[in-house]
Amino acid sequence: GISPNAITFICILKACGGIGCVAKGKQIHDEIVDRGLLEGDVMLGSALVDMYAKCGAIEKAQSVHDALQAHNVVSWSALISGYVEKDRNHEALKCFESMREEGICPSAVTFICTLKACASIRDIHKGYQIHDEIVNRGEDVEKDVLLGTALVNMYAKCGVLTKAQEVHDNLNVRSEASWNALISGYVMQGKNHSALKCLERMQGEGFLPDVVTFICILKACSSLGAIEKGKQVHDEITQRGLLEKNLVLGNTLVDMYAKCGELAKAKQVL
């Protein structure tokens with residue numbers, strides 16, 4: 001018989017968002033409204049926006065956000081992230097502009113989401129602007145591996161590989177994700193030798209390639225006809241037991257052998 005308070009509801013809304021349970025989230029929303037808890041509580045409002053956005057109900061997230069008496073960086077970031085996850089990147093960038101018009105400073109999370117939007121629609125002009133704003137606001141890109149990786153990914157997807165490489169090289173802390181963003185960018189632009197060199201550097205720094213890395217490298221081997229390198233990668237994939245559960249990786253391996261003229265091997269892998 002103990003009544004939940006705003007903190008309880010915030011936690012439960014996070015749980016609903018985490019498992020995509022929009023029906024339960026809607027029940028909680030109704031209870032919050034019935035008890036009049038939403039008025040003036042920006043954190044509770046932000047939790048509602050985030051829950052709906054994570055559940056893919058982006059129109060509902062937008063309507064809740066619009067109805068809030070006050071917005072903050074959390075509510076805006078949740079909304080922007082929701083639009084990016086639904087691949088509605090132009091709307092995400094419009095939200096970013098509206099946020100700045102309200103005088104709310106973006107956080108690292110906001111910048112990461114917005115850079116993903118720029119990467120998806122290849123908007124390098126906007127990407128440059130956001131990078132400048134990040135630097136001007138004193139965000140430490142070199143130390144923030146997630147923000148740094150988002151910048152590398154944006155430049156790589158937009159085809160500005162020299163800038164992607166520069167940002168990546170300046171990171172104090174790199175990750176598998178930052179290496180993958182760079183390698184993927186080189187493969188997308190047909191610079192497959194550079195992709196293979198990145199793999200060597202990645203492994204030389206002690207990073208273990210993951211499924212995404214291997215898919216990109218196999219594509220590079222396909223384009224170059226580099227069958228020996230492809231076989232080395234295949235051996236490593238097999239040793240680590242990655243092939244059995246990943247169809248995309250298996251398809252890429254078949255494609256690599258086929259494109260390199262090793263049809264018997266392609267059939268065997270298939």
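Residues numbered from 1 in each chain as written. Predicted model: local features only at pLDDT ≥ 70, side-chain atom pairs only at ≥ 80, totals over all residues. Heavy atoms only, no water.

Some points on the packing of aromatic side chains
Aromatic ring pairs are described here by two measures, namely the spacing of the ring centres and the angle between the planes. Under the criterion given, the structure shown has two aromatic pairs. Note on Tyr128 and Tyr155: the rings are 5.5 Å apart at their centroids and 55 degrees apart in plane angle, and the pair reads as tilted. Taken together, the positions of Tyr128 in helix H8 (residues 124–136) and Tyr155 in helix H9 (residues 145–157) put the pair 27 residues apart, joining distant regions of the chain. Given the relative accessible area of 0%, Tyr155 is considered buried. (Phe/Tyr/Trp six-rings, centres within 6.5 Å; stacked < 30°, edge-to-face > 60°. Helix = DSSP H or I, 4+ residues; strand = E, 2+ residues; numbered from the N terminus. Buried < 20%, exposed > 50% of the residue type's maximum accessible area, 1.4 Å probe, protein only.)

Description of unusual backbone geometry
The phi angle at Asp87 is positive, at roughly 65 degrees, despite the residue not being glycine. Position of Asp87 relative to the elements: it lies in the loop between helix H5 (73–85) and helix H6 (89–101). Of note, the phi angle at Arg122 is positive, near 55 degrees, even though the residue is not glycine. Looking at the element boundaries, Arg122 is found in the loop between helix H7 (108–121) and H8.

Remarks on the packing of H6 against H8
Close contact between H6 and H8 brings their axes to 13 Å; oriented N to C, the two are set at 35 degrees. Handedness of the crossing formed by H6 with H8: left-handed. Of the residues in H8, those in contact with Leu93, Phe96, Glu97 and Arg100 of H6 are Lys126, Ile130 and Glu133. Grouping the amino acids of the contact of H6 with H8 by side-chain chemistry returns three nonpolar, no polar and four charged. (Axes fitted to C-alpha atoms, helices over the stretch in contact; angles between N-to-C directions. Left-handed = near helix turned anticlockwise from the far one by under 90°. Contact = heavy atoms within 4.5 Å. Nonpolar A, V, L, I, M, F, W, Y, C, P; charged D, E, K, R; others polar.)

Here's the deal with H7
For an α-helix the count is 3.6 residues per turn, leaving residues at separations of three or four pointing the same way. For H7, spanning 14 residues, the distance from its first C-alpha to its last is 20 Å, which sits close to the expected 20 Å at 1.5 Å a residue. Within the sequence span of H7, burial applies to Thr110, Phe111, Ile112, Cys113, Thr114, Leu115, Ala117, Cys118 and Ala119. Where H7 is buried, its residues contact H5, H6, H8 and H9. In the segment just after H7, Arg122 is the residue with positive phi, at about 55 degrees. (Expected span 1.5 Å × (residues − 1).)

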